[in-house]
Amino acid sequence: MINVAFVCLGNICRSPMAELIFKDLIKERKLDLSFRVSSFGTSDCEEGNSIYPPAKRTLIMHGIPGSHVAKQISLKDVKNNDYILVMDSSNLLDMLRLTGGNYGEKIFKLCSFTHRPRDVADPWYTRDFETAFSDIEDGCKCFLEYILKEKAEALDYDRRH
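Source: prediction; values computed, not measured.

Quick notes on the rules
- Residues numbered from 1 in each chain as written.
- Predicted model: local features only at pLDDT ≥ 70, side-chain atom pairs only at ≥ 80, totals over all residues.
- Heavy atoms only, no water.
- Helix = DSSP H or I, 4+ residues; strand = E, 2+ residues; numbered from the N terminus.
- Buried < 20%, exposed > 50% of the residue type's maximum accessible area, 1.4 Å probe, protein only.
- Salt bridge = Lys/Arg side-chain N within 4 Å of Asp/Glu carboxyl O.
- Axes fitted to C-alpha atoms, helices over the stretch in contact; angles between N-to-C directions.
- Parallel < 35°, antiparallel > 145°, perpendicular 65-115°, else oblique.
- Left-handed = near helix turned anticlockwise from the far one by under 90°.
- Contact = heavy atoms within 4.5 Å.
- Nonpolar A, V, L, I, M, F, W, Y, C, P; charged D, E, K, R; others polar.
- Phe/Tyr/Trp six-rings, centres within 6.5 Å; stacked < 30°, edge-to-face > 60°.

Trainee: Report on unusual backbone geometry, specifying residues and quantitative values.
Mentor: The general pattern is negative phi for most residues beyond glycine and trans for most peptide bonds. Although it is not a glycine, Asn11 adopts a positive phi angle of roughly 70°. Here Asn11 lies in the loop between β1 (2-8) and α1 (14-28). Judged by relative accessible area, Asn11 falls into the buried class, the value being 0%. In this structure, Tyr103 is a non-glycine residue whose phi angle is positive, near 65°. Within the secondary structure, Tyr103 is located in the loop between α4 (89-99) and β4 (107-109).

Trainee: Describe in detail the pattern of salt bridges, supporting the description with residues and values.
Mentor: The tally for this structure, following the rule as stated, stands at nine salt bridges. Note that Asp94 and Arg97 form a salt bridge whose closest N and O atoms lie 2.6 Å from each other. One end of the pair, Asp94, and the other, Arg97, are both in helix α4, three residues apart, so they sit about a helical turn from each other. Residue class for Arg97 comes out exposed when judged on its relative accessible area of 60%. Across the pair Asp138 and Arg118 runs a salt bridge whose closest N-O atoms are separated by 2.9 Å. Of this pair, Asp138 sits in helix α6 (residues 129-150) while Arg118 sits in the loop between β4 and α5 (123-126), and the two are 20 residues apart along the sequence. A relative accessible area of 27% means that Asp138 is categorised as partly exposed. Among the residues examined, Arg118 registers a relative accessible area of 13% and is labelled buried. Among the ionic contacts, a cluster of salt bridges with common partners joins Arg14, Asp88 and Asp122.

Trainee: An account of the packing of α1 against helix α2 (residues 53-61) is requested, with residue identities and associated values reported.
Mentor: A packed helix pair is summarised by two numbers, namely the angle formed by the two axes and the spacing between the axes. The interhelical angle for the contact between α1 and α2, taken along N-to-C directions, is 20°, at an axis separation of 10 Å. Classified by the angle between their axes, α1 and α2 sit roughly parallel to one another. In the packing of α1 onto α2, the handedness of the crossing is right-handed. Counting all contacts with α1, which are made through Met17, Leu20 and Ile21, the residues of α2 involved are Ala55, Thr58 and Leu59. When its residues are assigned to classes, the contact of α1 with α2 shows five nonpolar, one polar and no charged.

Trainee: Quick rundown of the packing of aromatic side chains? Include the residues and the values.
Mentor: In the structure shown here, the tally under the stated rule is twelve aromatic pairs. Pairing Tyr83 with Tyr146 gives two aromatic rings, centres 6.4 Å apart and planes at 90°, and the pair type is edge-to-face. One end of the pair, Tyr83, is in strand β3 (residues 83-86); the other, Tyr146, is in helix α6, with 63 residues separating them in the sequence. A relative accessible area of 8% means that Tyr83 is categorised as buried. Ring centres of Phe113 and Phe143 lie 5.1 Å apart, and the angle between their planes is 70°; this geometry places the pair in the edge-to-face category. Of this pair, Phe113 sits in the loop between β4 and α5 while Phe143 sits in helix α6, and the two are 30 residues apart along the sequence. Across the pair, exposure class does not vary: Phe113 and Phe143 are buried alike. Each residue in the set Phe6, Phe22, Phe35, Tyr83, Phe108, Phe113, Phe143 and Tyr146 is aromatic and connected to the rest through ring pairs, giving one cluster.

Below, the structure written as structure tokens:
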């Protein structure tokens, strides 16, 4: 089982979008039993809230269903995940503060796996949910390709059983 957590500031826009997009991608490839996927915020400012309606609408427009309730990430969550994928440089700094600089081998910016590394701009401020979706989808697809190469043996075992 590969444990993946997506992280943004409030856990109501980008990280739940990433969680649901990634779940959709792995389900399409019949790999959903090989992964545990979650998402968190670095802040507790939105804890308990649902996914932000414009983010939800954008997912639905792309045929991606799902629901989500925001929660803040803890050090225990970092320890219990194999990959922590943050949306931007600010989230990365927040994670380094939380971990005291430890666990760097598992904390990455999501779009660092793409051919055009970048931050995923926060649509809460930009109001551009479509660009955020596109960046997140690109990051998720490229991350999945990375995992398929790095963990091929483990995933092959899961497919056979």
